[in-house]
Amino acid sequence: MTLQRQILIWTVYFAVLILALWLLSPILLPFIAGLVLAYFLDPVADRLQRLGLSRLAAALLIVVVSILLLVAALVVLAPMLTQQVGKFAGELPGLIQSLSERLNSWAPQWMKDAVARSGADIQGTVKQFAGSAADWIVSVLKTVLSGGLALVNLVSLLVVTPIVAFYMLIDWDDMIATIDSWVPREHVETVRSLGRDINTAMAGFIRGQGTVCLALGVFYAAALSFSGLNFGMAIGFLAGALTFIPYAGAMIGGVLAIGVALVQFWPDYWSISLIVAIFAVGQFLEGNFLSPKLVGKSIGIHPVWLMFALFAFGYAFGFVGLLLAVPLAAAAGVLSRFILKQYLASRLYLGADDPEPSPVPVSIIEEAEPEMPRLTGRQQA
């Protein structure tokens, strides 16, 4: 099979896959979520197997514990988070207005005069921005509660996802072995090497960075709540969830928390400093302990490429696209580096004019050139 024909076949396969994802995206969420959950928890199942449990018992134990933790989180945290987010959306215009007035009182007189001479209506712009932000938050909440997480979808997610994860955990190793048996034997080592690189990138992000986001979200939410900050739990979990983008969680969560603290605690410098210290401690823990231990030195996914993948797949496939964005971004990054490596070693890059002559078989040389008579020693002399 020629290279052009192979490229055409794989292109058709990829196009059919994208079309299937687009057509079936409304029903794929519990299945993709179960697959991601199984991939996340597969090392735990392997560890339990090494401790003596069977694969079936390990998978069953993991799924039961995960369901109990999820139910507990929904019962305890979901109502509080929903209440805080709704209250935050309602009070956001007043918070931004109060913060802008406070910052205006701190601004030097020359800055106030410059703004006055420019004719800019900062107060009106702030009010308009605050109202738009509050309306956007409310609309997102309505969309989530009435659309993607409607009752039927929520029940299917809570019922189907654990079942899919359970079966995937049981058959994970067998599936990998079966897929490996389908690879053409001529290219099996290359495909295995690419698979290991993709798995390293995916594991570093999904397992490692996912655990970091969860740990920091719990830390920020607990610390901000105990500090007495309004909406502390919602801001803390938001900061933890955004940690998968480097510095985004600390920056966005820190700006929100410090802004609320300035309005709520001013002029209590101690309370404001405590909020700043919480995010400083969180960054110290992430940079020196969590990320080096759980993620490693590099996951091979550039933050800009990651954000583009999240936006693109989220726009095209909704929440299913968000779940698929990281694995596909990791795979695309590994394949791109492999293609680049092949290109840098090719004649197209090196610029050789003529290909090197291929070695001619000895049998052909012997047939083309008649054997010369062997000379005696006296004749040679």
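It should be noted that the structure appears before, not after, this text.
What you see is a predicted model, and the numbers here were worked out from it, not measured in a lab. (Residues numbered from 1 in each chain as written. Predicted model: local features only at pLDDT ≥ 70, side-chain atom pairs only at ≥ 80, totals over all residues. Heavy atoms only, no water.)

A.B. asks: Help me get a handle on the packing of aromatic side chains, residues and values and all.
C.D. replies: Centre-to-centre distance and the angle between the planes together describe a pair of aromatic rings. Scanning the model with the defined rule gives 6 aromatic pairs in all. Judged by centre distance (5.4 Å) and plane angle (70°), the ring pair of Phe166 and Tyr167 falls under edge-to-face. A relative accessible area of 17% places Phe166 in the buried class. A ring pair is formed by Phe219 and Tyr220, whose centres lie 5.6 Å apart and whose planes are at 55°; its orientation type is tilted. Put simply, the rings of Phe219, Tyr220 and Phe279 pair up and form one aromatic cluster. (Phe/Tyr/Trp six-rings, centres within 6.5 Å; stacked < 30°, edge-to-face > 60°. Buried < 20%, exposed > 50% of the residue type's maximum accessible area, 1.4 Å probe, protein only.)

A.B. asks: Kindly report on the nonpolar core, identifying the contributing residues and their values.
C.D. replies: One finds Tyr39, Ile62, Leu169, Met202 and Val320 to be the most contacted residues of the largest nonpolar core, which totals 36 residues. Contributions of two or more residues to this core are made by helix H1 (3-50), helix H2 (55-106), helix H5 (151-182), helix H6 (188-226), helix H10 (303-317) and helix H11 (319-344). Take this core: its biggest share by element is 9 residues, from H1. With residues up to four places along the chain from it excluded, the contact list for Met202 reads Tyr39, Arg207, Pro327 and Ala330. Counting 22 residues, the second-largest nonpolar core is a separate cluster that includes Ala223, Phe231, Ala257 and Ala261. (Core = buried A, V, L, I, M, F, W, Y, C linked by side-chain atoms within 4.5 Å. Helix = DSSP H or I, 4+ residues; strand = E, 2+ residues; numbered from the N terminus. Contact = heavy atoms within 4.5 Å.)

A.B. asks: Describe the pattern of salt bridges, naming the residues involved and giving the relevant values.
C.D. replies: Should their charged atoms come close, side chains of opposite charge can pair. Enumeration over the complete set of coordinates arrives at 5 salt bridges. Between Arg55 and Asp42 there is a salt bridge; the shortest N-O distance is 2.6 Å. Here Arg55, found in helix H2, pairs with Asp42, found in helix H1; they are 13 residues apart in sequence, far enough to count as distant. The two residues Arg55 and Asp42 agree in class, both being buried. Taking the shortest distance from any N to any O, the salt bridge between Asp173 and Arg55 comes out at 3.8 Å. Linking Asp173 in helix H5 with Arg55 in helix H2, this pair joins segments that are 118 residues apart in sequence. The exposure class assigned to Arg55 is buried, which follows from its relative accessible area of 11%. A single network of salt bridges, built from pairs that share partners, joins Asp42, Asp46, Arg55 and Asp173. (Salt bridge = Lys/Arg side-chain N within 4 Å of Asp/Glu carboxyl O.)

The values reported here are purely geometric and, on their own, carry no functional implication.
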